[in-house]
Amino acid sequence: VAPVQVRLVVPMAVVFGPGSVPGDLPRPLPFRDVQEMEISVNLRTSVTSRYEMRYRSTTGQEEAALAAATAREADAALHPLQDTTLGSLTMYVVPDTSSLLPQGINVYVGKHRCALVRAGGSLAALQARLREVTQVMSFTASSIAAALSDRVPDGQLSPDARRYLKSSLGYEITFSLLNPDPKSHTVDWDIEGAVNRYVKPVLDKLSLVANFSVDSQILYYAVLGVTPRYDKESSSFLLSAHSLPHVINPVEARLGSSAASLYPVLNFLLYVPERSHSPLYIQDKDGAPVSTNAFHSPRWGGIMVYNVEAPASPQASLPLHVDVDMARVMEVFLAQLRLLFGLSREEVPPEFLLEGPGNEGLADWELDHLLWAHTVENIATVSTTLTSLAQLLDKIGNIVIKNDVASEVYRAVASVQSAVTKLSLGHLHAAFQASKEAVTSSEKAFFDPSLLHLLYFPDDQKFAIYIPLFLPMAVPILLSLAKIVRETRLHKKEPTKMD
């Protein structure tokens, strides 16, 4: 594996509100401090995280903002006053007696790039809290290990590491409505309105990370491929957790979206069960019903089962008209989308309070979380691609490297070096853009048709191919040449006759 050395620098402001300055500060405010940590990946890949902390007191405007009634109002008032650079963090330290944070809550993480932290009495206690906050808001050893999962030994990876989508220049999202029983159900879903209302704000925010395209389709007579079990007690049909993996393959054959796609495809399926298998519920591993009646598949997408209420009278005419509640459906699909991108909020200490992301679907710091991971992954991918290309060119001595291929390689190297430099300066957005350019150039070079190794044969293969063709013709030619040489020599030896 090609060596990768990366230093991730996070610019961080620690702002002390009135009455929150610890008594054991090493020197008067303002001052700077640096904290470094090594993230172990493997012998040839080293990632260093460096938090460049700037300690200072609040300004008058910030003091006024911190006098708000609630943490949410304070967060909204502080947003225009802080550094909004991607990857930067601002921590506002409030006194232990502050009523901004609810009882038992020591840290409030807002929607943007700031957090409110209780002082904790001493500088050491405060720094321990700040360390926990930075792990939530920027990146963790596990998120970097997941980004570099190809380089990490399997035993060291968390179970979630291979669940997240690999970094890509684009993603295609397909929403599919599966109606296996159109004779019984006529299903209407306002997918266009739902995408504009719920999905578009999220994708607008994620547009920094990659390009997204969204499409939808309705598939009739598409069944899950697994026969659900009938449960007499509840008079319903059940899909158990161990049968869920077998649901996807038969359905995927009908989707047809990934065949012509350049980018990874995320499939979100809404399944309306046929009348003979209604109502249908999904069980978890413990046999309990899943509250959302949905499940997701790592790096693939998710499926939600949407049960139709039985008609009040058995004589009701078929097909039944069904209007899908898109708010309920999109809530589940957006939660699955966050899971696929590794934005779940499960590993948070109990004394933390995290503000919900609202309509945008993800907070500013969650976007940064993605950019850190994808930038590191892109740098590693380019390093591996260029190393593989160099090994290929070493193997084939007579390969022809065209000027445009060479320029793409030079551009990829320059871009990846720029990305590493920008990361070490704390410029996350510029580093991510450079890493994307490096990926594009390295892929263009690697997949150039002129570098197809099948176009070039080793010398021993050339001899093996051409000798059977030319040897039969060469034998009479060589014999004729030998005869001519012999006759010429005999002719020279004969004495010339003198008249």
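What counts and what doesn't
- Residues numbered from 1 in each chain as written.
- Predicted model: local features only at pLDDT ≥ 70, side-chain atom pairs only at ≥ 80, totals over all residues.
- Heavy atoms only, no water.
- UniProt positions renumbered as here; feature names shortened; annotations may be inferred.
- Core = buried A, V, L, I, M, F, W, Y, C linked by side-chain atoms within 4.5 Å.
- Buried < 20%, exposed > 50% of the residue type's maximum accessible area, 1.4 Å probe, protein only.
- Helix = DSSP H or I, 4+ residues; strand = E, 2+ residues; numbered from the N terminus.
- Domains from an automatic or database assignment.
- Contact = heavy atoms within 4.5 Å.
- Axes fitted to C-alpha atoms, helices over the stretch in contact; angles between N-to-C directions.
- Left-handed = near helix turned anticlockwise from the far one by under 90°.
- Patch = residues over 30% accessible without salt bridge, like charges linked within 9 Å, V, L, I, M, F, W, Y side chains within 5 Å.
- Areas by Shrake-Rupley, 256 points an atom, 1.4 Å probe, with all protein chains shown as cover.
- Salt bridge = Lys/Arg side-chain N within 4 Å of Asp/Glu carboxyl O.

For the protein, an unreviewed UniProt entry supplies the name PIGS transamidase and the organism Tichodroma muraria. The annotation that UniProt attaches to the protein under Sequence similarities (unreviewed entry) is "Belongs to the PIGS family." Quoted verbatim from the Pathway (unreviewed entry) field of the UniProt record, the comment on the protein reads "Glycolipid biosynthesis; glycosylphosphatidylinositol-anchor biosynthesis."

A. Layout of the nonpolar core. In this structure, Leu8, Met91, Phe175, Leu206, Leu270 and Phe341 are the most contacted members of the largest nonpolar core, which totals 93 residues. Sort the elements by how many residues they give to this core and helix α8 (residues 364-395) lands first, with ten residues. When residues of this core are assigned to domains, at least three map to each of domain 1 (170-341) and domain 2 (368-451). If sequence neighbours within four positions are ignored, Phe175 has contacts with Trp189, Ile191, Val195, Val199, Val214, Asp215, Ser216, Gln217, Phe268, Met330 and Phe333. Listed in part, the 20 residues of the second largest apolar core include Leu219, Val226, Leu244 and Trp300.

B. The arrangement of the packing of helix α5 (residues 191-206) against helix α7 (residues 326-340) in detail. Their axes nearest at 10 Å, the elements α5 and α7 cross at an angle of 35°. Along this stretch, α5 crosses α7, giving a crossing that reads as right-handed. In this structure, α5 uses Ile191, Ala194, Tyr198, Val199 and Val202 to contact α7, whose residues at the interface are Met326, Ala327, Met330, Leu334 and Leu337.

C. View of a nonpolar patch on the surface. Together, Ile465, Tyr466, Leu469, Phe470, Met473, Ile477, Leu478, Leu481 and Ile484 line one region of the surface with nonpolar side chains, adding up to about 930 Å² of accessible area. When you line up the elements, Phe470 lands in helix α11 (residues 459-493).

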